Amino acid sequence: MTQAPVNVTVTGAAGQIGYALLFRIASGQLLGQDVPVKLRLLEIPQAVKAAEGTAMELEDGAFPLLAGTDIFDDPKQAFEGTNIALLVGARPRSKGMERGDLLEANGGIFKPQGEAINAGAADDVKVLVVGNPANTNALIARSHAPDVPADRFTAMTRLDHNRALAQLAKKLGVPVTELKKVAIWGNHSATQYPSVQHAEFGGKSIAEAVDQAWLENDFIPTVAKRGAAIIEARGLSSAASAASAAIDHVYTWVNGTPAGDWTSAAVVSDGSYGVPEGLISSFPVTAKDGKYEIVQGLEIDEFSRTRIDASVAELVEERDTVQKLGLI
Ligand SMILES: NC(=O)C1=CN([C@@H]2O[C@H](COP(=O)(O)OP(=O)(O)OC[C@H]3O[C@@H](n4cnc5c(N)ncnc54)[C@H](O)[C@@H]3O)[C@@H](O)[C@H]2O)C=CC1
Ligand SMILES: O=C([O-])CC(=O)C(=O)O
């Protein structure tokens, strides 16, 4: 192990996703089996003790790649020198809370975290926002980090992407490895558009192999409402699958997408496909040399256009709300 450890900050470290995520990071699955990591855990003061318990368990794992774990309740310290920032901790929606209240409560979390990233993170910092509403939380954080290049801020739709792959593999009776060019567009919410317009299995078109009624009445709602279905079944929201998707998102970002395929991530729009510039929206993306790039030049059919526009309209509404609240 000659390389200096990569600093990985995880917020909400004592939560359910944190518990599923930290051990996989420590085992080398986030960055690679030859990359040592140093964990920097951020929690609110009331949950620091629980984070300490998790840190004890991390120590007990004797992970060869784990160079240490530090715990903070101050974002300025937690993001100091960080190379990878996983923003998982967020304010969940409580009973009777309106969407605006939720966005406001999360603004109180993601504004100071954006400022702290701006002030102290490493020059090569990469940020993944997992905490919901993920796209708009990422927008808030990004707007308070003006010195950090826009392409370093992303939000997670990889879980939706993986859910789409799993549903298609089941329907077509093929392994997920056969599937290519599936895409999630828009918001990480029920309005998202999981698209198979350009998708292939074993070189054949998926759109031609399944009927439109199945896509509209089964596939799209199953993927888009999967989070709610998990909550209904488990009594708790997705945690291990969300942690797994966060690992996939960062691993791909750093190590690249395979030739002839892409993945999905919410990235800062450059205006591609009519998505207003600056919104953090999910697109089909490739990764190369540590950068995510929006796949360009895809033809968008009428059905896809309507679905993309609907999800992007929701993102515009969320952006306008946080703008009115003075959060961006
Ligand atoms: N983008 C995606 O695909 C998915 C996103 N999520 C979201 O991820 C978030 C976390 O989920 P869970 O781990 O299950 O929640 P959880 O409630 O188990 O844990 C959240 C943790 O965040 C901490 N926290 C709250 N405010 C904080 C702050 N200002 N700084 C640092 N830590 C803070 C809490 O103390 C708690 O320990 C939720 O917002 C959830 O909706 C969950 C699944 C998928
Ligand atoms: O709604 C939630 O908190 C969980 C979530 O985002 C998902 O499972 O996609």
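Where an unreviewed UniProt entry is consulted, the protein appears under the name Malate dehydrogenase, with the organism given as Amycolatopsis melonis. UniProt, in its Catalytic activity (unreviewed entry) section for the protein, records the words "(S)-malate + NAD(+) = oxaloacetate + NADH + H(+)". Looking at the Function (unreviewed entry) heading of the UniProt record, one finds this comment for the protein: "Catalyzes the reversible oxidation of malate to oxaloacetate."

Trainee: Which parts of the structure should I look at to understand the UniProt feature "binding site: NAD(+)" (unreviewed entry) in the protein?
Mentor: The UniProt record marks Gly 12, Ala 13, Ala 14, Gly 15, Gln 16, Ile 17, Gly 18, Asn 106, Gln 113, Val 130, Gly 131 and Asn 132 with the feature "binding site: NAD(+)" (unreviewed entry), using the residue numbering of this structure. In this structure, the largest pocket is lined, among the annotated residues mentioned, by Gly 12, Gly 15, Gln 16, Ile 17, Gly 18, Gln 113, Val 130, Gly 131 and Asn 132. Assignment of secondary structure puts Gly 12 in the loop between strand 1 (6-11) and helix 1 (16-26). For Gly 12, a relative accessible area of 12% corresponds to the buried category.

Trainee: Would you mind going over the site of ligand 2 with me for this structure?
Mentor: Around ligand 2 sit Asn 132, Arg 163, His 188, Gly 227, Ser 237 and Ser 238, and those are all the residues in its vicinity. Here Asn 132 contributes a side-chain N or O atom positioned 2.8 Å from an oxygen atom of ligand 2. Between His 188 and ligand 2, the recorded distance is 2.7 Å, taken from a side-chain N or O atom to an oxygen atom. Relative to its unbound accessible area of 270 Å², ligand 2 is 70% covered by the protein chains.

Trainee: Please explain the pattern of salt bridges as it appears in this structure.
Mentor: Two side chains with opposite charge may pair up if their charged atoms get near one another. In the structure shown here, the tally under the stated rule is 8 salt bridges. The salt bridge involving Asp 70 is made with Lys 38; its shortest N-O contact spans 3.9 Å. On the criterion of sequence distance, the pair formed by Asp 70 in strand 3 (residues 66-72) and Lys 38 in strand 2 (residues 37-42) is long-range, its members being 32 residues apart. A relative accessible area of 30% means that Asp 70 is categorised as partly exposed. The exposure class of Lys 38 is partly exposed, given its relative accessible area of 28%. Put simply, Asp 320 and Arg 319 hold a salt bridge, and the shortest N to O gap is 3.3 Å.

Trainee: What should I look at first to understand helix 4 (residues 99-120) in this one?
Mentor: Since the α-helix turns once every 3.6 residues, residues separated by three or four places project in the same direction. Taking 1.5 Å per residue as the helical rise, helix 4 with its 22 residues ought to reach 32 Å, and the 31 Å between its terminal C-alpha atoms agrees with that figure. A bend of about 35° at Gly 107 is the largest found in helix 4. Taken as a whole, helix 4 has its buried residues at Leu 102, Leu 103, Asn 106, Gly 107, Phe 110, Gln 113, Gly 114, Ala 116, Ile 117 and Gly 120.

Calculation notes
- Residues numbered from 1 in each chain as written.
- Chains lettered and ligands numbered in written order.
- Predicted model: local features only at pLDDT ≥ 70, side-chain atom pairs only at ≥ 80, totals over all residues.
- Heavy atoms only, no water.
- UniProt positions renumbered as here; feature names shortened; annotations may be inferred.
- 1 Å grid on protein atoms, 1.4 Å probe; cavity = no way out; pocket = protein on both sides within 12 Å on 5 of 7 lines; lining within 4 Å.
- Helix = DSSP H or I, 4+ residues; strand = E, 2+ residues; numbered from the N terminus.
- Buried < 20%, exposed > 50% of the residue type's maximum accessible area, 1.4 Å probe, protein only.
- Near = heavy atom within 4 Å.
- Polar contact = N/O pair within 3.5 Å; in protein donor to acceptor, adjacent residues only side chain to side chain.
- Areas by Shrake-Rupley, 256 points an atom, 1.4 Å probe, with all protein chains shown as cover.
- Salt bridge = Lys/Arg side-chain N within 4 Å of Asp/Glu carboxyl O.
- Expected span 1.5 Å × (residues − 1).
- Bend = angle between axes of the 7 residues up to and from the residue.

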